[in-house]
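# Coordinate inspection notes
This is what each chain is made of:
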Amino acid sequence: MPQVSTPAPTRDSYLVGLIGSGIGPSLSPALHEREADRQGLRYLYRLIDIDRVGVGPEAVGDLVRAARDLGFDGLNITHPCKQLVIEHLDALAPGAAALGAVNTVVFEDGRAVGHNTDVTGFAASFARGLPDVPLERVVQLGAGGAGAAVAHAMLTLGAEHVTVVDAMADRAADLATALDRHFGAGRAAAATPDALPALLGRADGVVHATPTGMAAHPGLPFAAELLHPGLWIAEVVYRPLETELLRTARALGCATLDGGGMAVFQAADAFRLFTGREADTTRMLADIAELAGVAGAAR
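An account of the accompanying structure is given in this report. As the structure is a prediction and not an experimental result, all values here were calculated from the model.

Compared with the 21 Å implied by 1.5 Å per residue over 15 residues, the 21 Å span of helix 7 (residues 169–183) between its first and last C-alpha is a close match. For helix 7, the full list of buried residues reads Ala172, Leu175, Ala176 and Leu179. Each buried residue of helix 7 sits inside an arc of 100° when the element is viewed along its axis, so together they form one side. Counted as exposed and oriented over 90 degrees from the buried face of helix 7: Asp170, Asp174 and Arg181. Looking at the packing, one finds that the buried side of helix 7 touches strand 7 (137–141), helix 6 (145–156), strand 8 (161–165) and strand 9 (188–191). Among the residues trailing helix 7, Gly184 stands out with phi positive, at a value near 120°.

Most peptide bonds take the trans form, and the phi angle of most residues other than glycine is negative. Put simply, His79 and Pro80 share a cis peptide bond, and its omega is 5°. Inspection of the secondary structure assignment puts Pro80 in the loop between strand 3 (74–77) and strand 4 (91–92). For the bond from Arg239 to Pro240, the omega torsion is 5°, close enough to zero to count as cis. Looking at where Pro240 falls in the secondary structure, it is placed in the loop between strand 11 (232–235) and helix 9 (244–252).

Before going further, it helps to examine the side chain of Thr243. One can find Thr243 in the loop between strand 11 and helix 9. A polar contact of 2.8 Å, which involves the side chain of Thr243, links it to the side chain of Glu235. Among all residues touching Thr243, those that are not within four sequence positions of it are Gly213, Glu235 and Val237.

About the criteria used
Residues numbered from 1 in each chain as written. Predicted model: local features only at pLDDT ≥ 70, side-chain atom pairs only at ≥ 80, totals over all residues. Heavy atoms only, no water. Helix = DSSP H or I, 4+ residues; strand = E, 2+ residues; numbered from the N terminus. Expected span 1.5 Å × (residues − 1). Buried < 20%, exposed > 50% of the residue type's maximum accessible area, 1.4 Å probe, protein only. Arc of directions from axis to C-beta. Contact = heavy atoms within 4.5 Å. Polar contact = N/O pair within 3.5 Å; in protein donor to acceptor, adjacent residues only side chain to side chain.

Below is the structure:
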């Protein structure tokens, strides 16, 4: 597929959306629309929940085509459609092609162009929040869509070795193989959760990329006694911003990073792709703290 570029700002009115399953609680509409309001844009962000529409993830191509025909400027794509959407696109940005997953589609001159801002979003958040931590041995929990993105981000940031841990051994092995193929042999390995005691005992840090800790999946992703002050912990979950994992790790003195930064920076990158305008991430970080706090208080 051909190379793509970011559009220059030419308009002040945009229609975008999000396709995925169970996306009612998403904070993406508020994040995008608040920033657009501050920039004086008319910006509508609509949710296209496949559960409510009554279709399966394989219908993502039809939904993308319908959105383009209806005049949408772009779409965000989330679980379970990030891989399935690729065959329905006209071009891929290099990052999306390398990852094999798309979370942002921009409509340009009748073409649907796929990007991935999860990788860049996590990388920007990590560089901002944990700038000086050691990266020799990283353990990552989760090999799903978010896990693939953050593993790519960690190796791009200079991690020497990432061990991907997942209860689905084949999924972890497939991701580790893909990472080695992209970054070089020996940069990644796969493991199952029973290896965590040994892995965490010698790791520099942990990236958590499973749903555990979300409101619907409370708890810790592994036994609390496996944590120790020498670890840093980076979380992908952002609702709540303070998961039980982060709370437990901070109490032990671990350096931590919540998932709000990834949510903001990936949204800011998508906003730029949709509009050609730079988002103010400082303001958006304040937005997500407020929005996630309100959502948490309402539960």
